[in-house]
Amino acid sequence: MGLGGCYSCIKYVMFAFNLIFWLVGCALLGVGIWALVDKTFSDKFDNPELSSFLQTMAIAMCVVGGIIMLVGFCGCCGAIKESQCMLTIFFIFLTIFFVALVGVGIWGLVNKESLQDLISDSLAASIAKYDTDGAAKTYMDGIQSSFSCCGNKLGIVDYVFAGSDATKAGCSIDTITTGCSNAIFKAFEDNLVMVAAITIGVGVVMLLGMIFSMMLCCAIRDSQAV
């Protein structure tokens, strides 16, 4: 016997939610594959460690995107077909995602200093090759223009210390003393509230998905027992 009343409404809400979830997984998988296939993407960052980090993140996006697609499929089919098995699989995966989300949030707070060091190392390597490497010049010009900054930590002085021609650094008069590593990290900290709000929002949606899936499982079990 099919579900009725409010459970029928929850079923279709679950279906719509998981369809969106599946589409998000497709997007993540697509972006991850693009980042891996497009060799010019990692080459724009004139630092082997940062390029390696981005490659690892791209692989992680592919894996996460594939898992999200699988979870979304289980959720869609479980809701529309009223399958306890698929809804249970959906619940388990969503629980794992929720725990992982909390873990990544804690890791980000603990290791934010390491992230700043990684950015600083990337900028230093690009400044050292600014006069001789077109990719390094393009990278630094883009960073300096986007964040209204200059150099790495000390501003235009970083070019002098690195042996590069400071007169060609592309820094404006207003930004010659504003280091880019500090400017980038400040932009990250300024948007930390928004990032935290999005993370909390995602966490709440996951919790609702877990609650709804268990409610549907219980309702399906009860309807089959009648």
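Notes on the structure follow. (Residues numbered from 1 in each chain as written. Predicted model: local features only at pLDDT ≥ 70, side-chain atom pairs only at ≥ 80, totals over all residues. Heavy atoms only, no water.)

### Here we look at the overall build of the protein
Summing up its helical and strand segments, the protein has 9 helices and 0 strands in all. Secondary structure elements in the protein, listed N-terminal to C-terminal, are α-α-α-α-α-α-α-α-α. Within the protein, buried positions represent 33% of all 226 residues. Considering only intrachain contacts with a sequence separation of at least 6, the fraction spanning at least 24 residues in the protein is 74%. Taken as a whole, the protein presents about 12600 Å² of accessible surface, with 73% of it coming from carbon and sulfur. (Helix = DSSP H or I, 4+ residues; strand = E, 2+ residues; numbered from the N terminus. Buried < 20%, exposed > 50% of the residue type's maximum accessible area, 1.4 Å probe, protein only. Contact = heavy atoms within 4.5 Å. Areas by Shrake-Rupley, 256 points an atom, 1.4 Å probe, with all protein chains shown as cover.)

### Let's talk about the state of the cysteines
Under the criterion given, the structure shown has 1 disulfide. Residue pairing for Cys-149: its cysteine sulfur links by disulfide to Cys-180, the two sulfurs lying 2.1 Å apart. Between Cys-149 and Cys-180 the sulfur-sulfur dihedral comes to about 95°; the bridge is accordingly right-handed. One end of the pair, Cys-149, is in the loop between α6 (134–147) and α7 (157–161); the other, Cys-180, is in helix α8 (residues 180–190), and 31 residues separate them in sequence. The same class applies to Cys-149 and to Cys-180, which are both buried. Cysteine Cys-76 shares no disulfide, and the gap to the nearest cysteine sulfur, in Cys-77, comes to 6.7 Å. (Disulfide = S-S within 2.5 Å.)

### Comments concerning the packing of aromatic side chains
Counted according to the given criterion, the structure contains 3 aromatic pairs. Geometrically, the ring pair formed by Phe-17 and Phe-21 is stacked, given 5.8 Å between the ring centres and 15° between the ring planes. Taken as a pair, Phe-17 and Phe-21 lie in helix α1 (residues 6–37) at a separation of 4 residues, close to a single helical turn. With relative accessibility at 21%, the residue Phe-17 sits in the partly exposed group. The buried category is assigned to Phe-21, whose relative accessible area is 13%. When the ring of Tyr-130 is compared with that of Tyr-159, the centres are 5.2 Å apart and the planes differ by 80°; the resulting orientation is edge-to-face. (Phe/Tyr/Trp six-rings, centres within 6.5 Å; stacked < 30°, edge-to-face > 60°.)

### Digging into a nonpolar patch on the surface
On the surface, a cluster of nonpolar side chains totalling about 430 Å² of accessible area is made up of Ile-200, Val-204, Leu-208, Ile-211 and Met-215. Note that Ile-211 resides in helix α9 (residues 192–225). On the basis of relative accessible area, Ile-211 is assigned to the partly exposed category, the value being 45%. (Patch = residues over 30% accessible without salt bridge, like charges linked within 9 Å, V, L, I, M, F, W, Y side chains within 5 Å. Salt bridge = Lys/Arg side-chain N within 4 Å of Asp/Glu carboxyl O.)

### Side note on the pattern of salt bridges
Enumeration over the complete set of coordinates arrives at 1 salt bridge. For Lys-137, the salt bridge goes to Asp-141, with nearest N and O atoms at 3.0 Å. Remark: Asp-141 and Lys-137 occur in helix α6; sequence separation between them is 4 residues, near one turn of the helix. The class of Lys-137 is partly exposed, set by a relative accessible area of 36%.

### Some words on the environment of Thr-88
Inspection of the secondary structure assignment puts Thr-88 in helix α4 (residues 84–110). Spatially, the C-alpha atom of Thr-88 lies 9.9 Å from that of Leu-216, the residues being 128 residues apart in sequence. Engagement of the side chain of Thr-88 in a polar contact is seen with the backbone oxygen of Gln-84, the distance being 2.7 Å. (Polar contact = N/O pair within 3.5 Å; in protein donor to acceptor, adjacent residues only side chain to side chain.)

### A short note on the environment of Cys-77
Among the secondary structure elements, Cys-77 is positioned in helix α3 (residues 48–80). The residues contacting Cys-77, other than those within four sequence positions of it, are Glu-82 and Met-86.

### Remarks on α4
Here α4 contains 27 residues, and its C-alpha end-to-end distance of 39 Å stays within 8% of the 39 Å for a straight helix at 1.5 Å per residue. For α4, the full list of buried residues reads Leu-87, Phe-90, Leu-94 and Phe-97. (Expected span 1.5 Å × (residues − 1).)

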